[in-house]
Amino acid sequence: MGNVILIGFMGSGKTTVGLRLSYRLRRPVIDTDKEIEREEQRTISDIFAADGEAYFRDKETACLRKLIGSANHQIISVGGGLPIREENRALLHELGQVFYLQAKGETIYERVKDDTTRPLLQGGDPLAKIQALLNERDPYYQAAADVVIAVDGKSFEQILNEIEEHVNERERNVSTEG
């Protein structure tokens with residue numbers, strides 16, 4: 001397998017870190033949200049609006065199951081809500097090494113405040129909404145993660161170095177055990 005999985009709240013840097021890590025480790029990157037959008041031929045906002053969150057969450061689980069059968073030495077970035085389901089957390093562990101990009105509410109708010117495509121941010125007081133969701137989701141992210149990386153105030157270079165260190169360490173351990 002040897003997959004690197006990035007989890008975390010929206011705006012924590014999963015997409016950017018995934019792309020940059022892809023170049024650095026010379027591995028393809030998969031974004032579960034993009035996979036679902038491609039399969040459904042519509043945006044996540046449209047899926048939420050037309051079929052609801054439960055339908056979308058089922059699609060996420062199906063996507064993980066498919067990746068377990070096909071993904072090998074890839075970087076996989078998953079949607080912010082995916083690790084909430086216990087079944088998904090188990091599938092993530094099966095799929096590879098899970099990195100939680102942990103960010104504070106203020107950091108996330110600064111990064112996503114102008115993004116109108118995020119269904120969860122519509123309505124009043126987005127910072128309070130982010131903080132509440134973050135508090136609710138953090139235990140799930142912690143439970144899903146093999147490694148927690150605090151991203152606040154770090155450059156992408158520092159974050160990538162940290163991830164790469166853990167990936168190399170894990171691969172050294174696997175090769176000495178094998």
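In case you missed it, the structure is sitting above this.
Asker: Whenever I open this one, the pairing of strand β5 (residues 147-150) confuses me. Can you help?
Answerer: Regular strands show a simple pattern: their side chains alternate between the two faces of the sheet. Residues Val 147 and Ile 149 of β5 are buried on one face, while the alternating residues Val 148 and Ala 150, pointing to the opposite face, are not. The sheet contact formed by strand β4 (residues 96-102) and β5 spans four bridges and is parallel. Within the sheet, the bridge partner assigned to Gln 102 lies in β5 and is Ala 150.

Asker: Honestly, the sheet that holds strand β1 (residues 3-7) in this entry has me stumped. Any pointers?
Answerer: As a general point, the strands of a sheet are linked pairwise by backbone hydrogen bonds and lie either parallel or antiparallel. Across the sheet, five strands lie side by side as β2-β3-β1-β4-β5; this open sheet has parallel pairing. Each end of this open sheet is capped by a strand with a single partner; those strands are β2 (29-31) and β5. Neighbour-to-neighbour, the strand axes of this sheet turn through a mean angle of 25°, independent of strand direction. For β1 and β4, the ladder comprises five bridges, and the chain directions are parallel. Note on β4: the bridge partner recorded for Val 4 is Gln 97. Along the sheet, helix α1 (residues 14-25) makes contact with β1, β2, β3 (75-77) and β4, crossing β3 at roughly 175°. In the packing of helix α4 (residues 86-95) onto the sheet, contacts are made with β1, β3 and β4, and the angle to β4 comes to roughly 120°.

Asker: Help me understand the nonpolar core in this model?
Answerer: A general tendency of soluble globular proteins is for nonpolar side chains to be buried together. Ranked by internal contacts, the top residues of the largest apolar core, which has 48 residues, are Ile 7, Leu 92 and Ile 163. With eight residues, helix α3 (residues 44-70) is the single largest residue contributor to this core.

Asker: Help me understand the packing of aromatic side chains in this model?
Answerer: The description of an aromatic ring pair rests on the distance of the ring centres and on the angle between the ring planes. Evaluation of the coordinates by the stated rule reveals two aromatic pairs. Ring geometry for Phe 48 against Phe 56: centres 5.3 Å apart, planes inclined by 45°, an arrangement best described as tilted. You can call Phe 56 buried: its relative accessible area is 3%. Pairing Tyr 100 with Tyr 141 gives two aromatic rings, centres 4.9 Å apart and planes at 45°, and the pair type is tilted. Residue Tyr 100 is found in strand β4, and its partner Tyr 141 is found in helix α6 (residues 126-144); the two are separated by 41 residues along the sequence.

Asker: How should α3 be read in this particular structure?
Answerer: Here α3 contains 27 residues, and its C-alpha end-to-end distance of 23 Å is more than 12% below the 39 Å for a straight helix at 1.5 Å per residue. Its maximal kink placed at Asp 51, α3 deviates by approximately 120°. Where α3 is concerned, the buried positions are Ile 44, Ile 47, Phe 48, Phe 56, Arg 57, Glu 60, Thr 61, Cys 63, Leu 64, Leu 67 and Ile 68. Buried residues along α3 sit in contact with β2, α2 (32-40), β3, α4 and α6.

Calculation rules
- Sequence order as written defines the numbering, with residues in each chain counted from 1.
- Only residues with pLDDT of 70 or above have their local features reported here, since the model is predicted, and side-chain atom pairs are shown and tallied only from 80 upward, although totals for entire chains, interfaces and linings are computed over all residues.
- To obtain the side-chain values, all non-hydrogen atoms of the structure were used and water was disregarded.
- Think of it in three bands: with a 1.4 Å probe and only protein chains considered, a residue is buried below 20% of the maximum accessible area for its type, exposed above 50%, and partly exposed in between.
- Here a helix means four or more residues in a row that DSSP labels H or I, a strand means two or more in a row labelled E, and each is numbered from the N terminus.
- Note on pairing: DSSP must find at least two bridges between two strands before they are called paired.
- Angles here are taken between N-to-C directions and fall from 0 to 180 degrees, while the axes themselves are lines fitted to C-alpha atoms, restricted in helices to the stretch in contact.
- The contact definition used throughout considers only heavy atoms, calling two residues in contact when any of these lie within 4.5 Å.
- Definition of nonpolar core: a set of buried residues of the types Ala, Val, Leu, Ile, Met, Phe, Trp, Tyr and Cys, connected through side-chain atoms within 4.5 Å.
- The rule is short: rings of Phe, Tyr and Trp, with Trp giving its six-membered ring, pair when the centres are within 6.5 Å, and they are stacked under 30 degrees, edge-to-face over 60, tilted in between.
- Any helix carries an expected span of 1.5 Å times its number of residues minus one.
- Consider a residue and the seven residues that end there alongside the seven that start there; fitting an axis to each set, the bend is the angle between those axes.

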